[in-house]
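# Per-entry structural report
This is what each chain is made of:
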Amino acid sequence: MKNITEFREQAHKMVDWIADYFVQIRQYPVKPKIEPNQIVSELPAHPPLSGCSMDEIFTDFKNIVLPGITHWQHPNFHGYFPSNNSFPSILAEFLTAAIGTQCMKWETSPAGTELEIVVMNWLREMIGLPESFQGVINDSASTSTLCAILAAREKYSYFEINDKGFNSFNNFKIYCSSEAHSSVEKAVKIAGIGSYNLTKIPVDENFAMNPAYLRKCIENDKKSGKLPICVIAALGTTGSTAVDPLYEIANICADYNLWLHVDAAFAGSALILPEFKDLLKGIKLAQSFVFNPHKWLFTNFDCSAFFVQDKDTLIKTFELIPEYLKTKTDVKINDYSNWGPGLGRRFRALKLWFVIRSFGVSELQAMIRNHIAMAKTLEQKIRVAQGFEILAPVNFNLICFRYKPKSLIEQSKINTWNEKLLSVLNASGKVFLSHTKLNGNYVLRMVLAQTNIEQSDVDMAWDLIQAKVLELEQENLLSA
Ligand SMILES: *Cc1c(COP(=O)(O)O)cnc(C)c1O
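Rules of the game
- Residues numbered from 1 in each chain as written.
- Predicted model: local features only at pLDDT ≥ 70, side-chain atom pairs only at ≥ 80, totals over all residues.
- Heavy atoms only, no water.
- Helix = DSSP H or I, 4+ residues; strand = E, 2+ residues; numbered from the N terminus.
- Rg over C-alpha atoms; globule rule 2.2 N^0.38 Å.
- Buried < 20%, exposed > 50% of the residue type's maximum accessible area, 1.4 Å probe, protein only.
- Domains from an automatic or database assignment.
- Contact = heavy atoms within 4.5 Å.
- Buried area = accessible area lost by both parts, 1.4 Å probe.
- Salt bridge = Lys/Arg side-chain N within 4 Å of Asp/Glu carboxyl O.
- Polar contact = N/O pair within 3.5 Å; in protein donor to acceptor, adjacent residues only side chain to side chain.
- Phe/Tyr/Trp six-rings, centres within 6.5 Å; stacked < 30°, edge-to-face > 60°.
- Pairing = 2+ DSSP bridges.
- Axes fitted to C-alpha atoms, helices over the stretch in contact; angles between N-to-C directions.
- Patch = residues over 30% accessible without salt bridge, like charges linked within 9 Å, V, L, I, M, F, W, Y side chains within 5 Å.
- Areas by Shrake-Rupley, 256 points an atom, 1.4 Å probe, with all protein chains shown as cover.
- Parallel < 35°, antiparallel > 145°, perpendicular 65-115°, else oblique.
- Left-handed = near helix turned anticlockwise from the far one by under 90°.
- Near = heavy atom within 4 Å.
- Nonpolar A, V, L, I, M, F, W, Y, C, P; charged D, E, K, R; others polar.

With that settled, consider the overall build of the chain. Summing up its helical and strand segments, the chain has 15 helices and 11 strands in all. Against the globule reference of 23 Å for 480 residues, the chain gives a C-alpha radius of gyration of 24 Å, in line with a compact fold. By principal-axis analysis of the C-alpha atoms, the chain measures approximately 70 × 65 × 45 Å. Within the chain, the fraction of its 480 residues that count as buried is 51%.

What follows is the structure, given as structure tokens:
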């Protein structure tokens, strides 16, 4: 398709389809019932030599692709953490795709860089980070955390590892909690520090890092000739949205002159609410902070907001300007191609700009507050329901729960029972939840964070959970 008239026609048709998709989204099974390789087998193994009509392609999209899609925007998608979009964000993605600009440097698309500077300053103010932090948009929190660890590595090796490799600095130590996201360990591996040199600090009964333990580990490591360089604190762990004690950890990092990176990938969005501002106590002592507007701030994946206090160290870690990329503006305005591993950069600032302007801060606050309120209400219902247990504090809008059948005492049997419950729930197509293990207990994770979730969706899900529990209990009785 090269014809502009046809493009216009097809584009209108697809926009109508998209609008209908959101009208009918509750009718789709949240998670598709398909077997691995099913879609592969429905598609030709070889690329077509000649093109076909957009109508044919679109028909196959609806018949082959769509039935294999997990509907992350379904109001009853409660698994993992969400990857929310919203209408303004989708519109911005249309425009981003259409203008197809490359935002690696100011010169390659000035508005790309300048809009990124402005929206990152807006976000900084919205979540209450000090003005000494400067922001850049990355693809993922994993990349942001990797950038933080690489910058710490370079800072404490005086940029020697970048130049000579690991000659003299081979005794680095990094710390996170045992509940930290796997991206921390991945970054430590990629950075060449080695997962062996990542210490996972035990957590307390609320799954938050034990700071006394952290201090003890740092002391012991120093005594045995190791060089602690970095601590990653979680503001909302992936398992249960536990919040590490930032203030205590920040002070330990200050005492030992360590790089503190705060991973708030999901829960960072809640910081736009004044009632959560206390969670940032101590943040001035942190070097870097990441949260993902693509999780809970209604902005299409990908959009990860990474903030650093010492941008010079970050830039020095990545900077490399070949002759063909030298420009006169390099010193006047941020050159984001030197803030991370990639050179080419998508125009991600546009969708954030659309989202923040379209909703306004107060509506964004209202949406997030509503999610948290619905989660607290459901938490209370689960707490008083016979046989149900809440297994972690509901700090935001993630509920970790399980059902304890009357006849079962052994942990492994209760675990298997809840695994079954989850698979029955997800097979219904009406809801999608995920799971984790906390203290060895298999728990169901239910997040209430969808852009278009309503109380009736939550009520339906809770009714369904209770009904499925009853069914499984009856099956148990019959087979006993
Ligand atoms: C989701 C999550 C990540 C990873 O985010 P990506 O953007 O997918 O890399 C990291 N840390 C925490 C706490 C998370 O919840």
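With that settled, consider the domain arrangement of the chain. Under the domain assignment, the chain is made up of domain 1 (4–84) and domain 2 (101–347). On a C-alpha basis, the centres of domain 1 and domain 2 stand 35 Å from each other. Domain 1 puts four residues into the contact, and the matching count from domain 2 is 11 residues. Taking both sides of the interface into account, the surface hidden between domain 1 and domain 2 amounts to around 600 Å²; carbon and sulfur atoms contribute 61%. If you sort the residues of domain 1 by the area they bury against domain 2, Phe81, Pro82 and Asn84 come out on top, with a joint share of 87%. For the interface between domain 1 and domain 2, the tally reads zero salt bridges. On the surface where domain 1 and domain 2 come into contact, there are three residue pairs in polar contact (both at pLDDT 80 or more).

To continue, consider unusual backbone geometry. Of note, the bond from Phe301 into Asp302 is cis; its omega dihedral lies within 30 degrees of zero at 5°. Within the secondary structure, Asp302 sits in the loop between helix H11 (293–296) and strand E7 (304–308). Here the phi dihedral of Phe207 falls at roughly 70°; this positive angle occurs in a residue that is not glycine. For Phe207, a relative accessible area of 3% translates into the label buried. The residue Asn439 is not glycine, and still its phi comes out positive at about 50°.

We now examine the packing of aromatic side chains. Tallied over the full model, the rule gives 25 aromatic pairs. Measuring from ring centre to ring centre gives 5.5 Å for Tyr21 and Phe22, while their planes differ by 80°; the resulting arrangement is edge-to-face. Plain terms: the ring middles of Tyr21 and Tyr28 are 5.3 Å apart, the flat faces sit at 55° to each other, and that makes the pair tilted. Taken as a pair, Tyr21 and Tyr28 share a single burial class, namely buried. Through successive ring pairs, a cluster of aromatic residues spans Trp17, Tyr21, Phe22, Tyr28, Phe58, Phe61 and Phe87.

With antiparallel pairing, four strands are arranged side by side in an open sheet as E8-E9-E11-E10. A strand with exactly one partner marks an edge of an open sheet, and here the two such strands are strand E8 (388–390) and strand E10 (434–438). Along the sheet, successive strands turn relative to each other by an average axial angle of 40°, direction set aside. Strand direction decides the pairing type here: E8 and strand E9 (residues 398–403), joined by three bridges, are antiparallel. Directly across from Ile390, in E9, lies its bridge partner Phe401. Most of the contacts of helix H13 (residues 349–384) go to E9, to which it runs at about 15°, and overall it touches E8, E9 and strand E11 (441–447). Taken strand by strand, helix H14 (residues 411–427) contacts E9, E10 and E11, and its axis lies near 30° from that of E11.

Quick look at the sheet that holds strand E3 (residues 198–201) now. Taken in spatial order, the seven strands line up as E1-E7-E6-E5-E4-E2-E3 in an open sheet, and their pairing is mixed. Across the chains shown, the open sheet's two edge strands, defined by having one partner strand only, are strand E1 (134–138) and E3. When the angles between neighbouring strand axes are averaged without regard to direction, this sheet yields 20°. Sitting on the sheet, helix H6 (residues 141–156) is in contact with E1, strand E2 (172–177), strand E4 (227–234), strand E5 (259–263), strand E6 (288–291) and E7, with an inclination near 175° to E5.

So, on to the environment of Tyr196. Tracing the chain through its elements places Tyr196 in the loop between helix H8 (182–190) and E3. Given the relative accessible area of 73%, Tyr196 is considered exposed. Sequence separation between Tyr196 and Glu185 is 11 residues, and the spatial gap between their C-alpha atoms is 9.5 Å.

Another aspect to go through is a nonpolar patch on the surface. A surface patch of nonpolar side chains, about 330 Å² in accessible area, is lined by Val15, Leu91, Phe94 and Leu95. The element that contributes the greatest number of residues to the nonpolar patch is helix H4 (residues 87–99), accounting for three residues. Position of Leu91 relative to the elements: it lies in helix H4. The exposure class of Leu91 is partly exposed, given its relative accessible area of 46%.

Structurally, the position occupied by Ser89 is in helix H4. At 2.6 Å, the side chain of Ser89 forms a polar contact with the side chain of Asn300. If we skip the residues at most four places from it in the chain, Ser89 touches Phe298, Thr299, Asn300, Lys351 and Val355.

The subject of this paragraph is the packing of helix H9 (residues 211–223) against helix H10 (residues 246–256). When two helices pack together, their arrangement is given by the angle between the helix axes and by the axis-to-axis distance. Where H9 meets H10, the axes come as close as 9 Å, and the angle between the chain directions of the two elements is 20°. Classified by the interaxial angle, the pair formed by H9 and H10 is roughly parallel. In the crossing of H9 with H10, the sense of the turn from one axis to the other is right-handed. Each of Pro211, Leu214, Arg215, Ile218, Glu219 and Lys222 in H9 lies in contact with H10, whose residues at this interface are Glu248, Ile249, Ile252, Asp255 and Tyr256.

What follows is about the site of the ligand. Taken together, 13 residues are adjacent to the ligand, and Ala141, Ser142, Asp263, Asn292 and Lys295 come closest. Ser142 places a side-chain nitrogen or oxygen 2.5 Å from an oxygen atom of the ligand. Within the side chain of Asp263, an N or O atom sits 2.6 Å from a nitrogen atom of the ligand. If the ligand stood free it would expose 390 Å²; the protein chains cover 87% of that surface. Of all elements in the fold, only H6 and H11 reach the threshold of two or more residues within the shell around the ligand. When the residues that make up the shell around the ligand are grouped by side-chain class, the tally is three nonpolar, eight polar and two charged.

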